[in-house]
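Structure at a glance
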Amino acid sequence: MKRMNILVLNGSPKGEYSITLQTVRYLEKLHPEHVFDVLHVGQRIRTLEKDMQPALDKLKAAELILFSYPVYTFIAPYQLHRFIELVKESGVDLRGKWATQLSTSKHFYDITAHRYIQDNCADLGLNYVRGLSADMDDLLCGKGQKEAREFFAHVLWCMENGVHEEPSAEAYECVHQPVTVPEAVGEKDGDIAVVTNCAHDDTQLQRMIDRFCAVSKRKVRVINIADYPFKGGCLGCFNCAVSGKCIYKDGFDEYLRQTIQTAQAIVYAFTIKDHSFGASFKLYDDRQFCNGHRTVTMGMPMAYLISGAYSRETNVQTVVEARAQVGGNHLAGVATDEHDPNAAIDRVAASLEYALENAYVPPQNFYGIGGMKVFRDLIWLMQGMMKADHRFYKAHGQYDFPQKKWPTMLKMYLVGFLLSSPKLKSKMGNAMNEGMIAPYRKVLERVNGDIVI
């Protein structure tokens, strides 16, 4: 293949110290015939906000754009998020260029991070090739090195043969339905926090928030995080791993714990932008890492007020449900302005009130159980550094390793032995099924009315 200009958009705030970037450097050594130009967008985002022209010139000159980043809170770091916003706002024409991505993580919702990049590549008219999601330690072993080599070989083959993914997101302009705001009636107690990044000229989202405040049976505090004086996005420095204190001195860690997380319920309100909550919301999400991997709001109900084409944004839907599931929160509902926002907001307010009155928290599904098992294994291995997380996981019984359940394992060996013998299996008849449901029948026998005694 001819010499190619590859622009690496390094979204890590650590710059050259990015673990993800080391895989890029590995590929660069293997392919000296190509030019790898690394732009540290994560480290230089404040500079780029002042002058995007050098970055735009590099984008125009590139034949392949490689997004390189660690996964932060379901999606790419805030800094890369913000860079994509700036690229789109510039109006630069990148149609027909090629793009792919390389991320490192512990595979906690790497799928939503990759889909976010893919959807935005589609918006920009880029020919997208499916990326590589690597474990942080993959490059240290032969298997991970082989996967990196094969990934890049596949990208080159796709470019030579014109093979790319179909656009993953159809451009769709949401028709916002009108929202009316009734007059609030009566005295209210309680405390619900509406956390939003509502722009001062976003009258639609503001009216959605106003209606929720009016119909809620509890007092509502509106917290606009777009106005908070953040010093910067999460640096992934792990300064907070032991103490829980953020390296930034802007007071956000205490503000989060004392002003937001003390509420009885949290309602998130945003307008969909670039297939996400928007960069300012991503900044807020990433900075919550001062709590590490601790589900400190476990049991608290949450809800969403979303302006935009939510029904078309499958990746945003996944993130919304998954963050509630992983956090052990009841998702009381999502109100959008696509159809009948007034009725939707009223339903969310009523559902949130029910959850608060009845302390209702449904059991976790795959999103929550699978996500927390990833963190469980991670924190167990890193307990020497992540001391606060380790204490929390021990206290809440989250070290539920199946290796400790010896009685169940021995029982399964016995069942396996019986099933492997055709003679024994034929003699058992329906005894296997009867044995499996026997414990459940005992539960049903103890039911008195609606109460299990």
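This text follows the structure it describes.
Let us look at the structure shown here. This one's a predicted model, so the numbers in the text were calculated from it and none came from an experiment.

Membership of the largest hydrophobic core comes to 77 residues, with the highest contact counts inside it found for Leu 9, Leu 59, Ile 65, Phe 67, Leu 80, Phe 83 and Tyr 284. Counting 23 residues, the second-largest nonpolar core is a separate cluster that includes Tyr 26, Val 38, Trp 98 and Phe 151.

The subject of this paragraph is helix α14 (residues 387-395). All buried positions along α14 are accounted for by Ala 388, Asp 389, His 390, Phe 392 and Tyr 393. In this structure, the buried side of α14 is in contact with α8 (240-243) and α13 (366-381). The positive-phi residue at the C-terminal boundary of α14 is Gly 397, with phi of around 65°.

One pass over the full model with this rule turns up 26 aromatic pairs. For the pair Phe 108 and Tyr 109, a centre-to-centre distance of 4.9 Å together with 85° between the ring planes defines the contact as edge-to-face. Using a relative accessible area of 11% as the deciding quantity, one classes Phe 108 as buried. Its relative accessible area of 9% is what places Tyr 109 among the buried residues. Relative to Tyr 304, the ring of Tyr 268 lies with its centre 5.5 Å away and its plane at 35°, an arrangement referred to as tilted. Taken as a pair, Tyr 268 in strand β9 (residues 265-271) and Tyr 304 in strand β10 (residues 302-307) lie far apart in primary sequence, 36 residues in all. A relative accessible area of 4% places Tyr 268 in the buried class. Counting every residue linked through ring pairs, the aromatic cluster contains Tyr 228, Phe 230, Phe 252, Tyr 255, Tyr 268, Phe 270, Phe 277, Phe 281, Tyr 284 and Tyr 304.

Parameters and conventions
Residues numbered from 1 in each chain as written. Predicted model: local features only at pLDDT ≥ 70, side-chain atom pairs only at ≥ 80, totals over all residues. Heavy atoms only, no water. Core = buried A, V, L, I, M, F, W, Y, C linked by side-chain atoms within 4.5 Å. Buried < 20%, exposed > 50% of the residue type's maximum accessible area, 1.4 Å probe, protein only. Helix = DSSP H or I, 4+ residues; strand = E, 2+ residues; numbered from the N terminus. Contact = heavy atoms within 4.5 Å. Phe/Tyr/Trp six-rings, centres within 6.5 Å; stacked < 30°, edge-to-face > 60°.

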